[in-house]
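Per-entry structural report
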Amino acid sequence: MKYSNQFLKITFFTITATVFSVGGIAAYIWQNLSVDQIQALVKITQAFSVSLLAITAILIAVIGFGIEFIYKNYIQPLKKISSQAAIIYSSNPSHRLKISGSSEILDLSRIVNNFADIFENLSKDITEQILSARKETEKERNLLAAIMAELPEGVIICNRSGRILLFNSLAKKLFSHSTYPNRAEHFIGLGRSIFHLIDKELIIHAIDEIEERLNEKKDSLASYFITPIYTGILLSMETTPVLDQNKLMTGFILTFKNISDQVNKYENVGDWLTSFKQNMVSNFGRTKLFIKDILDTPHQEKRTHELYQKKISKNLEQIESHFDEISSSILDATLIQLPLTKLLLSQFLLYIKKKVEEQSGVQINIINKEEKNKRMLADSYSLTHAFVFLIINLSEITGKKKLDLKVSTSNGRILFDISWHDITASQIQIENILTKKIRSLPSFDFVLKQNRSQFNIISKNLKTCSQVRISAGAELKSVFTKKKRGAVIAGSRPEFYDFDLFKLDDDTKDIFNTDLRKIIFTVFDTETTGLDPDGGDEIIAIGAVRIVNNRIVYQDIFEELVDPNRDIPMESYKIHGISYEMLKGKPDIRTTLPLFKIYTYETVLIGHNIAFDMKMLKVKERAAHTTFNNPVLDTLLLSAVLNPVDERHDMENIANRLGVNIIGRHTALGDAIATAEIFLKLIPLLNANGIFTLKNALEASKKTYYARLKY
């Protein structure tokens, strides 16, 4: 029997006080006895020693049984009533007391159960009224959610720290691998960071542009950029701020389209037209020779021959020239109409100078006679990378570490003339730059065309040069009419999702002193070949689900079978039903564990008897080249904290007490979801016991008996 500390203390104090009292009385009497009385008492004790010892033993047994009876019938039932009554009003109104004890305890249990019936009925009535009141609102939310899901653009809404608050189905599709849609190396999910999906520098640059326009009180606040993502596609993205009632930025909306097909189409069309042009030129050349032979016949006068020959040659030249114009127009028509923004020319030049020096050590002498406030039209990210790419390539071709960059204007265009001295470069080498790709961006020529810019080689001959020119659009001569978009004001539209994550600030967040309701959790479970991690048993399945903002995100799951490269014992198969044939050919733990690490990034891990699961992960960390340093909570320990007098803390009994239905028991994902539901039911009980933060929960867990178990 496990006695409570308080009851043990009281019992020990009572017995000790009784022993000292009786001993004190006996000592007092002994001191006042005469010699004859003492001798007579000693003789009586010696004569009845066995009887006295038996009486003492019986007395001790009676006291022990009395203490046990009092504890079992009064103390322990009261503690059970206290803990289980808390379950009724905090987590599971359907739970009822099933307590054994004295008649008084049974009467108290019946009264509590009667009140529980009343409480449950009231809870049902209140729930029905709330559901009825929300019915119309839910229709609006569902309609808005359906519209969001069917938008032709991907949408992701984030808070100021980059945590994802909402995303539609197209966004999930674009950011998931088509080969393994459920095993994306970068997971998109509520509460996750957008910076794992999109380059952080791009978003920060967009936010800086937006804040600059906010400070200048501009009407158009959106910022645009293009970027490749890890799935191998190219996205055109628009960033729009979300403002509070004080016009302060609390988050941002990303809308985007997949432009990979357009890029591929452009490159394919370019190749086709180039090939077609070469064939046409060749055919026209042969036609010229054929016509020349006909005209050279002696049946016509020479003068007439020459006249016809000139006319035919001129027509062929016009056809070729016209063909060049058409092919150029087709190429331009296939380009994506990238929205261009107004860039401050002086900042643009300084940024190029800085990046070139950082990447290659090349120094640029900027000759800018234009006004400092002059602006140009371009996509800042792609065009700056194009300039840096060009200058570094020119330096490699010429061997020069110092280049001049002269800026001027002409006919509403800004001209960038890059020149070098004392050496000339091959025009063929420079022309080859046009087809090269800029890291993860498209080709240099394509980026220039996207930015409505042109590239020319300035040369007096056809073979070498010492100057190139890029001409870009000035602010007042834009060929693209940009659609103005204002900010979305928080609260101005009906909510169809809980946006409490807007309040989450990662910069000041102390995870250990954060409310349990506001922490992002990964709840997981493993299935294994056995129960001996150090003896060769292997993980054969990992299942996990996330808790975000005190809700289970059932769509954001991790479920993987793992090839253990060994047999499955029959005893284990009878429990989880996973056979070796089901695992053959699946990824092994060295592949699966790093993916699971990414899935759990910046979360607190939860499991039931999680010490075993963590041990299984730890023994494989070296082989998988990954480490799990996440904080860990165990629902078994938390249950023991809340119900210390209950000896049953297995998942089934905890779920039964809390009213959780377990679906898919002894499957990794099924147990993970059940554990998540149990944990959410435990939070109100933890709060009622003064446990509010992760630190509180960890400290309380360490004090339980089960925390001493090791694997």
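Our structure's up above, just so we're on the same page.
Figured I'd write up the structure that's included with this text. (Residues numbered from 1 in each chain as written. Predicted model: local features only at pLDDT ≥ 70, side-chain atom pairs only at ≥ 80, totals over all residues. Heavy atoms only, no water.)

This part takes up helix H3 (residues 49-90). Under the 1.5 Å per step criterion, the end-to-end length of H3 is 59 Å for 42 residues, consistent within 8% with the ideal 62 Å. The axis of H3 is deflected most strongly, by about 40°, at Tyr71. Restricting attention to buried positions, one finds in H3 the residues Ile67, Tyr71, Asn73, Gln76, Pro77, Ile81, Ser83, Gln84, Ala85, Ala86, Ile87 and Ile88. (Helix = DSSP H or I, 4+ residues; strand = E, 2+ residues; numbered from the N terminus. Expected span 1.5 Å × (residues − 1). Bend = angle between axes of the 7 residues up to and from the residue. Buried < 20%, exposed > 50% of the residue type's maximum accessible area, 1.4 Å probe, protein only.)

Right, let's get into the environment of Leu636. Tracing the sequence through the fold places Leu636 in helix H18 (residues 635-642). Judged by its relative accessible area of 13%, Leu636 falls in the buried class. With 13 residues separating them in the primary sequence, Leu636 and His649 have C-alpha atoms 5.9 Å apart.

Here we come to the nonpolar core. Counting residues in hydrophobic clusters, the biggest one holds 71 residues, and the most contacted among them are Ile156, Phe175, Ile194, Met376, Phe416 and Phe444. With 10 residues, the top contributor of residues to this core is helix H10 (residues 380-398). Core analysis: the next-biggest nonpolar cluster, separate from the first, contains 32 residues, Leu516, Ile678, Ile683 and Leu686 among them. (Core = buried A, V, L, I, M, F, W, Y, C linked by side-chain atoms within 4.5 Å.)

Now for the packing of aromatic side chains. As enumerated under the stated definition, the model contains 12 aromatic pairs in all. Ring centres of Phe444 and Phe455 lie 5.7 Å apart, and the angle between their planes is 85°; on these two criteria the pair is classed as edge-to-face. Of this pair, Phe444 sits in helix H12 (residues 444-450) while Phe455 sits in strand E12 (residues 454-458), and the two are 11 residues apart along the sequence. When its relative accessible area of 16% is taken as the criterion, Phe455 is described as buried. Among the aromatic residues, those joined into a cluster by ring pairs are Phe524, Phe558, Phe596, Tyr599 and Phe628. One Lys or Arg, Lys200, reaches over the ring of Phe195 and ends 5.2 Å from the middle of that ring. A cation over an aromatic ring shows up here: Lys597 above the ring of Phe628, its NZ or CZ 5.5 Å from the ring centre. (Phe/Tyr/Trp six-rings, centres within 6.5 Å; stacked < 30°, edge-to-face > 60°. Lys NZ or Arg CZ within 6 Å of the ring centre and 35° of its normal.)

Summarising the element assignment, Phe446 is placed in helix H12. Overall, the relative accessible area of 0% leaves Phe446 in the buried class.

Turning next to the packing of H3 against helix H20 (residues 668-688). Two numbers describe how H3 lies on H20: the axes approach to 9 Å, and their chain directions differ by 120°. With respect to H20, the element H3 is oriented oblique. With respect to the hand of their crossing, H3 and H20 are arranged in right-handed fashion. The segment H3 lies against H20, with Ala86, Ile87, Tyr89 and Ser90 engaging Pro684, Leu685 and Ala688. The residue makeup of the contact of H3 with H20, split by class, is six nonpolar, one polar and no charged. (Axes fitted to C-alpha atoms, helices over the stretch in contact; angles between N-to-C directions. Parallel < 35°, antiparallel > 145°, perpendicular 65-115°, else oblique. Left-handed = near helix turned anticlockwise from the far one by under 90°. Contact = heavy atoms within 4.5 Å. Nonpolar A, V, L, I, M, F, W, Y, C, P; charged D, E, K, R; others polar.)

So yeah, pure geometry; function would need other evidence.
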